[in-house]
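# Coordinate inspection notes
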Amino acid sequence: MADRPLRLHSAPAASEQAIQSIGSFSVTVSTPQLARRLGLFDATMLVMGGIVGAGIFVTPYVVARQVHSSGLILGAWLTGGVIAMLGAFVYAELAARRPDVGGQYAYLRDAFHPGVAFVYGWVLLLVTQSGGMAAVALTFSRYFLELTLAPLPEWSIAMLTLVALTIVNALGVRAGSTVQNTLMVLKVGAIAILVGAGLFGPKAAAVVVTQSSTPLDFGTALVPILFAYGGWQTASFVAAEMKNPQRDLPRGLLLGVGGVILLYLSVTFVCLRVLGPDGLANATAPATSVMRAVFGEAGARVIAVGITISTLGFLSQGMLTAPRVYYAMAQDGVFFRSVGRLNPRTAAPVVAIALQGLAATIIALSGKYEQILNYVVSVDFISFGLTGVTLFVFRARDGDTSSYRAPGHPITTAAFTLACWGVVGATIYQYPQNSVIGLGILLSGIPIYSLWKRKR
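To keep things clear, this report deals only with the structure shown in the data block.

Criteria and thresholds
- Residues numbered from 1 in each chain as written.
- Predicted model: local features only at pLDDT ≥ 70, side-chain atom pairs only at ≥ 80, totals over all residues.
- Heavy atoms only, no water.
- Patch = residues over 30% accessible without salt bridge, like charges linked within 9 Å, V, L, I, M, F, W, Y side chains within 5 Å.
- Areas by Shrake-Rupley, 256 points an atom, 1.4 Å probe, with all protein chains shown as cover.
- Salt bridge = Lys/Arg side-chain N within 4 Å of Asp/Glu carboxyl O.
- Helix = DSSP H or I, 4+ residues; strand = E, 2+ residues; numbered from the N terminus.
- Buried < 20%, exposed > 50% of the residue type's maximum accessible area, 1.4 Å probe, protein only.
- Contact = heavy atoms within 4.5 Å.
- Core = buried A, V, L, I, M, F, W, Y, C linked by side-chain atoms within 4.5 Å.
- Axes fitted to C-alpha atoms, helices over the stretch in contact; angles between N-to-C directions.
- Parallel < 35°, antiparallel > 145°, perpendicular 65-115°, else oblique.
- Left-handed = near helix turned anticlockwise from the far one by under 90°.
- Nonpolar A, V, L, I, M, F, W, Y, C, P; charged D, E, K, R; others polar.
- 1 Å grid on protein atoms, 1.4 Å probe; cavity = no way out; pocket = protein on both sides within 12 Å on 5 of 7 lines; lining within 4 Å.
- Points joined across faces, edges and corners; volume = space filled by probe spheres on them.
- Phe/Tyr/Trp six-rings, centres within 6.5 Å; stacked < 30°, edge-to-face > 60°.
- Lys NZ or Arg CZ within 6 Å of the ring centre and 35° of its normal.

## Re a nonpolar patch on the surface
Among the surface-exposed residues, Leu199, Phe200 and Phe269 lie close enough to one another that they form a single nonpolar patch of about 350 Å² accessible area. As for its placement among the helices and strands, Phe200 is situated in helix H7 (residues 173–200). Among the residues examined, Phe200 registers a relative accessible area of 73% and is labelled exposed.

Below you can see the structure in the form of structure tokens.
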């Protein structure tokens, strides 16, 4: 007769059962598992928090330098928003099909090969996520010091901020998400103040546009816009910690991207209303220029507070989401085993979180973050395009079994994929040297993966 397992019940934290043999008994031992504590609101705030950083307060002037009329500037932002929504359609179906920890990492792994997913995670840790967080941490510290006049170096504030967010997220996904949600709500409030000021402030004088814009100019303007819209994919990293990921993550993606489109169009509209196309093209800090035009220096300080909150919120979101990819890599046996461990009390991947904080801090202190970000402009969108292809793979392999289906597939999915690779082509054309270095960093992950595979 088979032995009946003796179950040893643990604390109420989520856990999985590992069966061990002791004498003639089979004993089930509890091991920590990621806790499902996030809902639809959390998912929506994560999507928006992963997209909205400091970029929207600056990028409008970059776009206005490429296209020179209000209609074309708003049209470029609307076009970028449509492409972002097409991406949300793709990721929403992928989230419904693969509600796994690591999100995009899991999609690439299951559709293509574990090596492809590893290279994605490798670049995420080494450059994309860590370099981005280092840059934003230093941006936050600059605004913080301007507001407080504290006699401290920028690097010290950046380091303390990253350490503080590492500690908060090590307390568990609920603690990290609560901080992220609060900062996102404050961020939306800051943007609402900017939009309100622009709507009721002085209107720029009408001017005749004499400089024409070509289709190439419009395409060039889309590149920084698409980067400003990027980041929705990071919400998929925490799918395994959502109460109902197959329902809430697709909805969160659509609501979050839709909300960001509304925010971005509103900010661009008020910048054009107050500054005009020419004034916007010459305003390297357009949000500050709008608030200064309406409220004077007091308005400039108010928006500086908003930008500070926005950068901190972006950092919080990154610290919450990205470590789940490194955790998934460790669980797959292609990364340090300790990174795949969870704290038994908080059910958080504390080693993975600490690793992310350490990597971002090192890059921030090195002062090389701007250089590093230039290297991965094209690499980031290679992974977006590949993720679009995964939907074709899953549809062909698994059929129409998903609870959510991307509207207009395959046309919408193909349009998103081609747009991503269009960005890759444009950046390689404009910045060939940086792109080659970025591709070199990506390709360096292949021999590293081989070493881990051999070790396993």
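Past the structure itself, the notes keep going.
## Digging into helix H12 (residues 323–331)
Within H12, 8 of the 9 residues are buried, which leaves the element mostly enclosed by the surrounding structure. Those residues of H12 that sit buried are Pro323, Arg324, Val325, Tyr326, Tyr327, Ala328, Met329 and Ala330. Here the buried face of H12 lies against helix H4 (104–111), helix H5 (114–148), H7, helix H11 (297–321) and helix H13 (350–366). Just downstream of H12, Gly333 is the residue with a positive phi angle, here 80°.

## With respect to the nonpolar core
Ranked by size, the top nonpolar core spans 82 residues in total, and within it Trp77, Trp232, Val257, Tyr264 and Phe416 carry the most contacts. Contacts of Val257, omitting those with residues within four sequence positions, involve Val47, Ile51, Ala84, Met85, Ala88 and Trp232. Ranked by size, the runner-up nonpolar core spans 52 residues in total, among them Val127, Phe335, Val339 and Ile441.

## Concerning the packing of helix H6 (residues 154–170) against H11
Put simply, H6 and H11 touch, their axes get as near as 10 Å, and they point 45° apart. Between H6 and H11, the interaxial angle falls into the category oblique. Our pair here, H6 against H11, has a crossing hand that is right-handed. In contact with Thr161, Leu162, Leu165, Thr166 and Asn169 of H6, H11 contributes Leu312, Leu315, Ser316, Met319 and Leu320. When its residues are assigned to classes, the contact of H6 with H11 shows 6 nonpolar, 4 polar and no charged.

## A look at the environment of Ser289
Take Ser289: it is sitting in helix H10 (residues 286–295). Once you skip the residues sitting within four places of it in the chain, Ser289 turns out to touch Leu275 and Ala283.

## Structural notes on empty space enclosed by the protein
As enumerated under the stated definition, the model contains 1 cavity of 30 Å³ or more in all. What the largest cavity holds in volume is close to 50 Å³. If you list the elements that add at least two residues to the lining of the largest cavity, you get helix H3 (70–97), helix H8 (215–229), helix H15 (377–398) and helix H16 (411–430). Examining the composition of the lining of the largest cavity, we find that 3 residues originate from one element, H3, more than from any other.

## So, the environment of Gly55
Positionally, Gly55 belongs in the loop between helix H1 (40–51) and helix H2 (59–64). Taking the relative accessible area as the measure of exposure, Gly55 reaches 32% and is therefore partly exposed. Through-space distance from the C-alpha of Gly55 to that of Tyr229 is 9.1 Å; in sequence the pair is 174 residues apart.

## Some details on the side chain of Ser435
Here Ser435 lies in helix H17 (residues 432–455). Once you skip the residues sitting within four places of it in the chain, Ser435 turns out to touch Ser378, Thr427 and Ile428.

## A word on the packing of aromatic side chains
If you walk through the whole model with that rule in mind, you get 16 aromatic pairs. With a centroid separation of 6.2 Å and 20° between ring planes, the pair formed by Phe118 and Trp122 is classed as stacked. Here Phe118 pairs with Trp122, and both are found in helix H5, just 4 residues apart, close to one helical turn. In terms of burial, Phe118 and Trp122 fall into one category: buried. Ring geometry for Trp232 against Phe384: centres 5.4 Å apart, planes inclined by 25°, an arrangement best described as stacked. Remark: Phe384 occurs in helix H15 and Trp232 occurs in the loop between H8 and helix H9 (245–281); sequence separation between them is 152 residues. Overall, Trp232 belongs to the buried group, its relative accessible area being 3%. Cluster of aromatic residues (ring-pair linked, three or more members): Tyr91, Tyr107, Phe227, Trp232, Phe381, Phe384 and Phe416. Directly above the aromatic system of Phe394 lies the positively charged group of Arg98, at a separation of 4.2 Å from the ring centroid.

## So, unusual backbone geometry
Excluding glycine, residues mostly carry a negative phi; peptide bonds, for their part, are mostly trans. For the bond from His409 to Pro410, the omega torsion is 10°, close enough to zero to count as cis. With phi around 60°, Leu149 is a residue other than glycine that occupies positive phi space. In this structure, Leu149 sits in the loop between H5 and H6. Backbone geometry places Ala347, a non-glycine residue, at a positive phi of 55°. By the secondary structure assignment, Ala347 is in the loop between H12 and H13.

## Notes on the pattern of salt bridges
Applying the stated criterion across every chain, the model contains 13 salt bridges. Of the charged contacts, one joins Arg247 and Asp248 as a salt bridge, the two residues approaching to 2.8 Å between their closest N and O atoms. By relative accessible area, which is 3% here, Asp248 ends up buried. Each of Glu93, Arg97, Arg395, Asp400 and Arg405 takes part in one network of salt bridges that share partners.

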